[in-house]
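Observations on the model geometry
The residues making up each chain are set out below.
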Amino acid sequence: MHIAILCISAVAICTGRVEAKPILFTFNDTRRDVAICTGRVEAKVHFNFIRTIDKPLQSARSVWRQSRPAGSIQYILHVAICTGRVEDLASSPRKKSEKIYADLLHFYSSWCIIHLVRQTDTKMMKIGMKIKESIVMAKMRVLLAYSGGLDTSIIVPWLKENYDCDVVCVAGDVGQGEELEPLHEKAKKCGAEKLYIEDLRKEFVEDFIWPTLKAGAVYEGKYLLGTSFARPLIAKRLVEIAHKENCTAICHGCTGKGNDQVRFELTIKAFDPNMQIIAPWRIWDIKTREEEIDYAEKRGIPVPVKKDRPYSMDRNIWHISHEGADLEDPWNEPPEDLLLTMATPEKAPDQPEYVTVDFEQGVPIAINGEKLDAVDLLTKANEIAGRNGVGCADLVENRLVGMKSRGVYETPGGTMLYAAHGILESITLDRATSHYKELVASKFAELVYDGMWYTPLREALSAFVDSTQQAVNGTVKLKLYKGNCINAGVKSPNSLYMEEIATFGDSHDLYSHKDSAGFINLLGLPLKVKAMVEQKNKK
């Protein structure tokens, strides 16, 4: 039996207006498109009906609930929300929850429930598709990566002014310390609906810092990647909370010139490839930090930056970075009061301080013989190295986005631990592994710097590094003095250093000087042959 279907094929639901256009379809295959618009979003729901429809679909909500009718009806539902989010529902609607239904249809400012009403008569079946709109105005929800700094402080009101949205803030605690205390009140004053402060310190140190330390990864010879490996962890948590809060977009305060925009967005894509991303620095008319400060002051928003000291800073348990203002000229020496967690060499004690660090499989586990958990150990390392002026790096680095940038980094504990780890590896790794690991360290650092933490290559390199660290056990003694970190001793049960062989004295049967002659002859054979051929050709 043929089916005549009178359907309203397109319904545009807009703020303040509804438009419907009816189209007549015949025969078995019918597609009805419903377009829902709010000026920024479009959704299309396609129903493909095959063969005779003998079971009424009472509502769109029931589509998600009911099982697939046996034989008499087949359907595929495609819901495409043009915010970058796409969901396909097929085969097993029973498995789809009410939450998924809400997630699909609750976006920006519209909630649409589509009712399908079946009508029949005695001569032929007719399906009249009547679209009934039930709109509950609900604001768009945006999740903001919030630090309480200048950028994110003004982004909250900017989002509300430009998107008419609710803003949920998330601050990842990766060791900022006292900076997080006033954030709840500050976020509320800025206009945020709520603020999450997530304690990520343990995960940050154990799952991000220690793997990078074991790899010996240093970007361009100086940068210990303090900001680089914190961003992927924070971004992963942003996605998790965005799902929990039914947010349709994630916003960050990274500039269009920096690396952090890449690190955040690559991680977001890794965990939710369809999540919309809002980056105000790529949209708004604000061009300078001074303009940001003016924007904040006009709206009564307190910010920690003043025009006479407008540095861009990022702080976590591993480091503090300083950029901008007078530091942008590489000829300028950093001001004496710039450093926050460490002394300058001039103000460090006049007497050296000795410290020991114990390692197990490349991971630091104790300082001065005291076993500590990861967070406490790094905190103590920062205190010891910081007071001795160890760990300030001033460099011009090559950013991923193509420009050079000058930054001053405080990494006191990290500098001390990197030095100790390298010294221990010098006696526990064989020559070939040590040299190859240097190549791996360079690539590892580049991946972390570029925001490629959640990639197969980084994970593969970490697996290689872990295999090299099985024998990196022992104790390193360091002498810290006015910015210097000096090797004062090392020991390991897995040491490949044998004094009996290395000694200038008698090695007895362990090493024969005579053996070196044959070794050199074989090693130099290619050079000898080359020289012989050249001499022959000259004649």
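Residue numbers restart at each chain and count upward from 1, following the sequence in its written direction. It should be noted that, the model being predicted, local features are given only for residues of pLDDT at least 70 and side-chain atom pairs only at 80 or more, the latter also being counted only at that level, while totals for whole chains, interfaces and linings use all residues. Side-chain measures here rest on the full set of heavy atoms in the structure, leaving out hydrogens and waters.

Quick notes on the overall build of the protein chain
Selection criterion: Helix and strand assignments come from DSSP, with helices taken as H or I runs of at least 4 residues and strands as E runs of at least 2, each series counted from the N terminus. For every residue, the accessible area obtained with a 1.4 Å probe (protein chains only) is divided by the maximum for its type, and the residue is called buried under 20%, exposed over 50%, and partly exposed between those limits. Contact between two residues is taken to exist if any of their heavy atoms lie within 4.5 Å; hydrogens are not considered. All accessibility values rest on the Shrake-Rupley procedure with a 1.4 Å probe; residue burial counts only the protein chains present in the view.
Secondary structure summary: the protein chain contains 15 helices and 24 strands in total. For the protein chain, the residues scored as buried account for 48% of the 539 residues in total. If you take every contact in the protein chain between residues at least 6 apart in sequence, the share linking residues at least 24 apart comes to 69%. Here the protein chain has roughly 27,600 Å² of accessible surface; of this, 53% comes from carbon and sulfur atoms.

A short note on the pairing of strand 22 (residues 404-410)
Applicable threshold: Note on pairing: two strands pair once DSSP finds at least 2 bridges between them.
The buried count for strand 22 comes to six of seven residues, which makes it a mostly enclosed element. For strand 17 (residues 320-323) and strand 22, the ladder comprises three bridges, and the chain directions are antiparallel. Looking at strand 22, one finds that His322 is bridged to Val408. In this sheet, strand 22 lies alongside strand 21 (residues 392-398) in antiparallel orientation, the contact comprising seven bridges. Residue Glu397 lies in a different strand from strand 22, and its bridge partner there is Ser405. Between the end of strand 21 and the start of strand 22, which pair antiparallel, lie five residues, with Gly402 showing a positive phi angle near 110 degrees.

Some details on the confidence of the model for the protein chain
Convention followed: Values of pLDDT, ranging from 0 to 100, describe the predictor's confidence in every residue of the model.
Taken residue by residue, the protein chain gives an average pLDDT of 79. The fraction at 70 or more is 73%. This model gives residues 1-137 a pLDDT under 50, and the stretch forms 263 contacts once residues within four places in sequence are excluded.

Regarding the side chain of Ser462
The following threshold applies: Any pair of N or O atoms that falls within 3.5 Å is considered a polar contact. Within protein, one atom must be able to donate a hydrogen and the other to accept it, and sequence-neighbouring residues count only if both atoms are side-chain atoms.
For Ser462, the location among the structural elements is in helix 12 (residues 456-468). Taking relative accessible area as the criterion, Ser462 reaches 11% and is therefore assigned buried. Among the polar contacts made by the side chain of Ser462, one reaches the side chain of Arg458 at a distance of 2.7 Å.

Let's talk about the nonpolar core
A general feature of soluble globular proteins is that nonpolar side chains tend to end up buried together. Operational definition: Nonpolar core, defined: a set of buried Ala, Val, Leu, Ile, Met, Phe, Trp, Tyr and Cys residues in which side-chain atoms within 4.5 Å join the residues together.
The biggest cluster of nonpolar side chains holds 73 residues, and the ones touching the most others in it are Leu143, Phe204, Ile209, Leu225, Phe229 and Met416. Top contributing element to this core by residue count: helix 6 (residues 230-244), with eight residues. Counting residues in hydrophobic clusters, the runner-up holds 32 residues, among them Ile155, Ile278, Ala296 and Val303.

Considerations on the pattern of salt bridges
What counts is decided by this rule: Salt bridge criterion: a side-chain nitrogen from Lys or Arg within 4 Å of a carboxyl oxygen from Asp or Glu.
As enumerated under the stated definition, the model contains 25 salt bridges in all. A salt bridge links Asp260 to Arg231; its shortest N-O distance comes to 3.1 Å. Of this pair, Asp260 sits in helix 7 (residues 260-271) while Arg231 sits in helix 6, and the two are 29 residues apart along the sequence. Arg231 gets classed as buried once you look at its relative accessible area, which sits at 13%.

Here we look at the sheet that holds strand 22
Spelled out, the test is: Angular values range over 0 to 180 degrees, each being the angle between N-to-C directions of two axes fitted as lines to C-alpha atoms, with helices fitted over their stretch in contact.
Ordered by their spatial adjacency, four strands build an open sheet running 16-17-22-21, and the pairing between neighbours is antiparallel. Two strands lie at the open edges of the sheet, namely strand 16 (312-315) and strand 21, each paired on one side alone. Neighbour to neighbour, the strand axes of the sheet diverge by 25 degrees on average, direction disregarded. Across four bridges, strand 16 lies against strand 17 in antiparallel orientation. Looking at strand 17, one finds that Met313 is bridged to His322.

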